[in-house]
Amino acid sequence: MTLAIQTTALTRQFAGGHGIRDVALAVPAGSIYGFLGPNGAGKTTTIRLLLDLIQPDRGEILLLGQTLRRDRRAALAEVGALVESPSLYPHLSGWENLEIARRLLALPVERIIEVLARVDLADAAHRRVRDYSLGMRQRLGIALALLPRPKLLVLDEPGNGLDPAGLQDLRRMLREFARRDGITVLVSSHQLAEVEQVATHVGVLTAGRLRFQGTLAQLRERARPQLLLRCDQPARARQLLLEMGEQAAFASDDTLRLASTLPAEEINRRLVGQGIGIRHLAHEDVTLESLFFALTGDDAVEQAA
Ligand SMILES: Nc1ncnc2c1ncn2[C@@H]1O[C@H](COP(=O)(O)OP(=O)(O)OP(=O)(O)O)[C@@H](O)[C@H]1O
């Protein structure tokens with residue numbers, strides 16, 4: 001698997017124990033990587049490190065196969081980014097804002113037309129940015145990041161402050177960047193719901209540590225509801241379940257938790273057939289959202305990838 005971003009042992013600590021520690025990001029090329037975590041988890045710090053806006057205490061960063069520390073220019077050459085709010089000139093139009101960047105980058109004028117179309121701002125190109133909505137400003141910021149045709153786009157909380165329609169537009173755009181333009185997108189958010197519909201991969205950061213990293217399918221797999229079983233002979237029931245190839249562990253003295261592959265009625269039938277008296281057999285209530293909260297809580301969870 002080719003990685004667009006790879007970090008090893010990435011660490012940057014601030015006074016008061018804040019910062020990030022030993023973060024090993026693995027962002028596959030072509031993915032939309034949802035970089036999730038509650039406010040203050042260290043997402044912006046990580047992103048600022050990736051873009052060389054601040055330096056790590058230790059650790060390595062590879063961007064599109066180039067080592068940031070060794071060759072900053074080569075590593076960042078094909079990276080577009082939007083960190084916090086975009087720096088725009090409010091008294092100029094969207095077009096004029098892009099024109100300034102275009103000249104600096106010595107790109108053809110057509111590129112402005114292309115990027116405006118990619119972020120749905122063609123119709124508003126000649127209005128002053130002062131009169132843009134927050135969503136339009138964010139999109140103009142993304143257009144600026146897209147201007148030099150990046151292969152990797154890093155967006156820090158681009159959904160902040162957007163209404164549901166704005167979020168939907170943003171998701172559609174991110175999908176297009178990945179599918180049509182082949183751009184790898186890392187997008188941070190503190191809300192799972194915001195990236196859940198669009199991300200192919202997720203990394204969950206909490207208190208400066210990466211608690212989970214893998215595909216969205218792997219995260220969903222974790223969220224698959226498990227069966228809770230209470231019966232009169234839990235130890236024997238566990239033994240029987242293990243013999244059936246089921247995973248069963250004690251959740252408490254009299255309750256087993258099953259990562260079951262068989263349907264509940266089949267488990268029930270087999271255990272009753274072996275003389276086990278069942279008091280309770282039901283699915284535990286686990287949603288992706290509750291799993292996210294568990295991951296962002298204090299209980300450390302190992303990485304899946
Ligand atoms: N330059 C700095 N000096 C001291 N502490 C800092 C500095 N930058 C960030 N921090 C602290 O590090 C922690 C992580 O901040 P960071 O901005 O990376 O979090 P985040 O996950 O991006 O959250 P948010 O969504 O609130 O921006 C916070 O407690 C923050 O106060």
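Residues numbered from 1 in each chain as written. Predicted model: local features only at pLDDT ≥ 70, side-chain atom pairs only at ≥ 80, totals over all residues. Heavy atoms only, no water.

Asks: Sorry, what's going on with the side chain of Lys43 here?
Replies: Take Lys43: it is sitting in helix α1 (residues 43-50). Here Lys43 falls in the buried class, since its relative accessible area comes to 4%. Residues contacting Lys43, with those up to four places away along its chain left out, are Phe35, Leu36, Gly37, Pro38, Glu157, Ser188, Ser189, His190 and Leu205. (Helix = DSSP H or I, 4+ residues; strand = E, 2+ residues; numbered from the N terminus. Buried < 20%, exposed > 50% of the residue type's maximum accessible area, 1.4 Å probe, protein only. Contact = heavy atoms within 4.5 Å.)

Asks: What's the story with the environment of Glu157 in this structure? I'm lost.
Replies: Mapping Glu157 onto the fold places it in the loop between β8 (152-155) and α6 (164-179). Relative accessible area serves as the criterion here: at 12%, Glu157 is assigned to the buried category. When the C-alpha positions of Glu157 and Phe35 are compared, they lie 9.2 Å apart, and in sequence the two are 122 residues distant. With near-sequence residues (within four places) excluded, Glu157 lies in contact with Asn39, Lys43, Gln138, Ser188, Ser189 and His190.

Asks: Is there a simple way to think about the pairing of strand β10 (residues 201-206) in this case?
Replies: The side chains of a regular strand alternate, first on one face of the sheet and then on the other. When you tally the buried positions in β10, you get six out of six residues, the bulk of the element. For β10 and strand β11 (residues 209-215), the ladder comprises six bridges, and the chain directions are antiparallel. Along β11, the bridge assignment pairs Gly203 with Gln213. The hairpin turn running from β10 into β11, its antiparallel successor, is two residues long, and Ala207 in that turn takes a positive phi close to 45°. (Pairing = 2+ DSSP bridges.)

Asks: How should the sheet that holds strand β7 (residues 79-82) be read in this particular structure?
Replies: Where strands meet in a sheet, backbone hydrogen bonds hold them as pairs that are either parallel or antiparallel. Taken in spatial order, the six strands make up an open sheet running β7-β8-β9-β4-β10-β11, and their pairing is mixed. For this open sheet the edge positions go to β7 and β11, each flanked by a neighbour on one side alone. The mean angle between the axes of side-by-side strands here comes to 15°, regardless of whether they run parallel or antiparallel. Note: β8 against strand β9 (residues 184-189), four bridges, orientation parallel. Bridge pairing in β9 links Leu153 to Val185. Set on the sheet, helix α5 (residues 134-146) makes contact with β7 and β8; between it and β7 the angle comes to about 160°. Strands in contact with helix α11 (residues 288-296) are β4 (32-36), β10 and β11; relative to β10, the strand with the most contacts, it is inclined by about 40°. (Axes fitted to C-alpha atoms, helices over the stretch in contact; angles between N-to-C directions.)

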